[in-house]
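Overview (structure and organization)
Okay, here's what each chain looks like letter by letter:
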Amino acid sequence: MKRLSIVAVVVAIMFVASFMVVLGQEDYSEEFLYFYPDFSAKDTKLKGADCWLCHFHENGDTPRNLYGVQYEVLMDGDFPAFENDDVDADGYTNIQEIEAGYNPGDFMSNPKKKYSKCVSFILSNEDDGDARQYIIGNGEQVEIDAPCYISKKEKSMVPLRAGIENLGGEVGWDGNERRVDIKKSGKLVGQMWIGKQNAKVNGKDYDLVSAPEIVNSRTFVPVKAVGDSLGAELVWINHGKIANFRFK
């Protein structure tokens, strides 16, 4: 009997949790449509402002896309506070995409393609329990082995391979010098040394401000230098601490 009682309690908790998720999603959709009442009339996949607006899948308990991350930061439903951001860095502001019936949090959803590729890193403060262990490449969720973070010197730090390889580069390593080499199509375009602030980007001296470091046996590098090495343009989104790197 005790075992049955425990099972019954667990099932009840799961039911309540699922109900709260659904209720929360309805509240978010209602808030969105309050600010943008014409959006529901658009004949698109986003009609009715369902879970696709803020999540990768229509199931709302999945991870948030870039627009969902922004909304989570401002949970009071103040959508206009970030409508002039271009959170997915596709060349259109959130409000421009909303008014045209496109998803403002999906790089692949826009009126006309302006950029070929975008990789987005969602940052957190060090030791932040809410850190996300994924990045976003061309609107798709990409799992990584450790969350990205903001260093004490206010620089965006990302796992070595996740940062370089997702931005189209190749990783090289010299154990004697503790040096990270960044290559593009076999050509050396960047060099960084663990614990050293000075680096090389396309043959020129480069001040990293925050040196590459090893944390919990994983190497982290300042992603801005990686992007500069590989020819990516940075679009920083303050609401959500998102570093977008896009390519023309």
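Refer to the structure printed above.
Quick look at the structure, then. Because the structure is a prediction, the values reported are computed rather than measured. (Residues numbered from 1 in each chain as written. Predicted model: local features only at pLDDT ≥ 70, side-chain atom pairs only at ≥ 80, totals over all residues. Heavy atoms only, no water.)

**Quick look at helix α5 (residues 223-230)**
Two residues of an α-helix separated by three or four positions point the same way, owing to the 3.6 residues in each turn. Taking burial as the measure, the 8 residues of α5 include 6 buried ones, the bulk of the element. What α5 keeps buried is the set Val223, Ala225, Val226, Gly227, Ser229 and Leu230. Of the residues flanking the end of α5, it is Gly231, one or two places downstream, whose phi is positive at about 80°. (Buried < 20%, exposed > 50% of the residue type's maximum accessible area, 1.4 Å probe, protein only. Helix = DSSP H or I, 4+ residues; strand = E, 2+ residues; numbered from the N terminus.)

**Observations concerning the sheet that holds strand β7 (residues 179-184)**
Taken in spatial order, the 5 strands make up an open sheet running β6-β7-β8-β9-β10, and their pairing is antiparallel. Only two strands of the sheet have a single neighbouring strand rather than two, namely β6 (170-174) and β10 (204-207). When strand polarity is set aside, the average angle formed by the axes of neighbouring strands in this sheet is 25°. Of the strand pairs in this sheet, β6 and β7 are connected by 5 bridges, and their pairing is antiparallel. By the bridge assignment for β7, Trp173 is matched with Val180. (Pairing = 2+ DSSP bridges. Axes fitted to C-alpha atoms, helices over the stretch in contact; angles between N-to-C directions.)

**A look at the pattern of salt bridges**
Should their charged atoms come close, side chains of opposite charge can pair. Within this structure, the stated rule accounts for 11 salt bridges. As a salt-bridge pair, Arg246 and Asp86 come within 3.7 Å of each other at their nearest N and O atoms. With Arg246 in strand β14 (residues 242-247) and Asp86 in the loop between α2 (66-73) and α3 (94-100), this residue pair connects regions lying 160 residues apart in the sequence. Residue Arg179 is joined to Glu177 by a salt bridge in which the shortest nitrogen-to-oxygen separation is 3.1 Å. Among the charged side chains, a salt-bridge network with shared partners connects Asp174, Glu177, Arg179 and Asp181. (Salt bridge = Lys/Arg side-chain N within 4 Å of Asp/Glu carboxyl O.)

**A short note on the environment of Lys155**
The topology assignment puts Lys155 in the loop between β4 (149-150) and β5 (156-159). With relative accessibility at 30%, the residue Lys155 sits in the partly exposed group. Sequence spacing of Lys155 and Leu123 is 32 residues, and the spatial spacing of their C-alpha atoms is 9.8 Å. Among residues more than four places away in sequence, those in contact with Lys155 are Tyr149, Ile150, Leu208, Val209 and Ser210. (Contact = heavy atoms within 4.5 Å.)

**What about the nonpolar core?**
In this structure, Phe121, Cys148, Leu167, Ile182, Met192, Val226 and Phe245 are the most contacted members of the largest nonpolar core, which totals 30 residues. If you tally residues by element for this core, the top one is α5, at 4 residues. Phe32, Tyr36, Phe107 and Tyr115 belong to the second largest nonpolar core, which has 26 residues in total. (Core = buried A, V, L, I, M, F, W, Y, C linked by side-chain atoms within 4.5 Å.)

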